[in-house]
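# Structure assessment
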Amino acid sequence: MSMASITKFILLSLTLCVLHLNFCHGQNAVKAGYWFPDSGIALSDIDSTLFTHLFCAFADLDSQSNKVTISSSNAGPFSQFTKTVQLKNPSVKTLLSIGGGSSNRTAFASMASQPTSRKSFINSSINL
């Protein structure tokens, strides 16, 4: 199995675990959506009452340090994401989407291949 396949499997497994946990708590359906600052939709205009989960997209992976980073242009909107969407729907779950679009898939595969780099990734995710 290639590193890219392993990485996709890990990400899919984590997503399914999150969804499973919510179904276990009696939710009938998961209604998720993505938002990113360049979407043309202001953060304050998101109708979070329509969703159970909202993803803020995209954080990046620093291929040198294996840490999750947020660009300086996204730092402000990302820091306000949860607070803003929970004004309309306090129960909406927010998640940070890491990688996507033009992200470096090789960097993710490399990070996932070594315990020390995975640890750096995980710790930076928690800190962020």
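Scroll up for the structure.
Report on the accompanying structure.

## Details of the overall build of the chain
The secondary structure content of the chain amounts to four helices and four strands. Helices and strands appear in the chain in the N-to-C order α-β-β-β-α-β-α-α. Looking at the chain as a whole, 28% of its 128 residues qualify as buried. Contacts in the chain between residues at least 24 apart in sequence constitute 59% of all its contacts with a sequence separation of at least 6. Carbon and sulfur atoms provide 59% of the accessible area of the chain, an area that totals close to 8200 Å².

## Focus: the nonpolar core
Counting residues in hydrophobic clusters, the biggest one holds nine residues: Trp35, Leu43, Ile46, Leu54, Cys56, Phe78, Phe81, Val85 and Val92. Elements that contribute at least two residues to this core include exactly strand S2 (53-62) and helix H2 (72-88). Of all the elements, H2 adds the most residues to this core, at three residues. Look past the residues within four positions of Leu43 in its chain and what remains in contact with it is Trp35, Pro77, Gln80, Phe81, Thr84 and Val85.

## Overview of the environment of Ala75
Structurally, Ala75 can be placed in helix H2. The partly exposed category is assigned to Ala75, whose relative accessible area is 36%. Considered as a pair, Ala75 and Ala59 are 16 residues apart in the sequence and their alpha carbons are 9.5 Å apart.

## Structural notes on unusual backbone geometry
Residue Ala57 is joined to Phe58 through a cis peptide bond whose omega torsion reads -5°. As for its position among the elements, Phe58 is in strand S2.

## Quick look at the packing of helix H3 (residues 105-112) against helix H4 (residues 115-127)
At a minimum axis distance of 6 Å, the contact between H3 and H4 shows a crossing angle of 110°. It follows from the interaxial angle that H3 and H4 lie roughly perpendicular. Contacts from Phe108, Ser110, Met111 and Ala112 in H3 reach Ser117, Arg118 and Phe121 in H4. Looking at the contact of H3 with H4, its residues break down into four nonpolar, two polar and one charged.

Conventions and cut-offs
- What you see as residue numbers is a count from 1 along each chain, following the sequence as written.
- Local features in this predicted model are restricted to residues whose pLDDT is 70 or higher, and side-chain atom pairs enter the listing and the counts only when it is 80 or higher, whereas totals over whole chains, interfaces and linings include all residues.
- Note: side-chain values were computed over all heavy atoms of the structure, leaving out hydrogens and water.
- Runs of H or I in DSSP of at least four residues are treated as helices and runs of E of at least two as strands, each being numbered from the N terminus.
- Here the term buried applies to any residue with accessible area under 20% of the maximum for its type, exposed to any over 50%, and partly exposed to those in between, with areas from a 1.4 Å probe on protein chains only.
- Residue contacts are defined here by distance: any two heavy atoms, one from each residue, within 4.5 Å place the two residues in contact.
- Every accessible area reported is derived by Shrake-Rupley at a probe size of 1.4 Å, with residue values counting cover from the shown protein chains alone.
- Throughout this description, the term nonpolar core refers to a set of buried Ala, Val, Leu, Ile, Met, Phe, Trp, Tyr and Cys residues connected via side-chain atoms within 4.5 Å.
- Lines fitted to C-alpha atoms define the axes here, with helix axes fitted over just the stretch in contact, and angles between the N-to-C directions of these axes take values from 0 to 180 degrees.
- Here the word oblique covers every angle except those under 35 degrees (roughly parallel), over 145 (roughly antiparallel) and from 65 to 115 (roughly perpendicular).
- Under the scheme applied, nonpolar residues are Ala, Val, Leu, Ile, Met, Phe, Trp, Tyr, Cys and Pro; charged residues are Asp, Glu, Lys and Arg; polar residues are all the others, including Gly.

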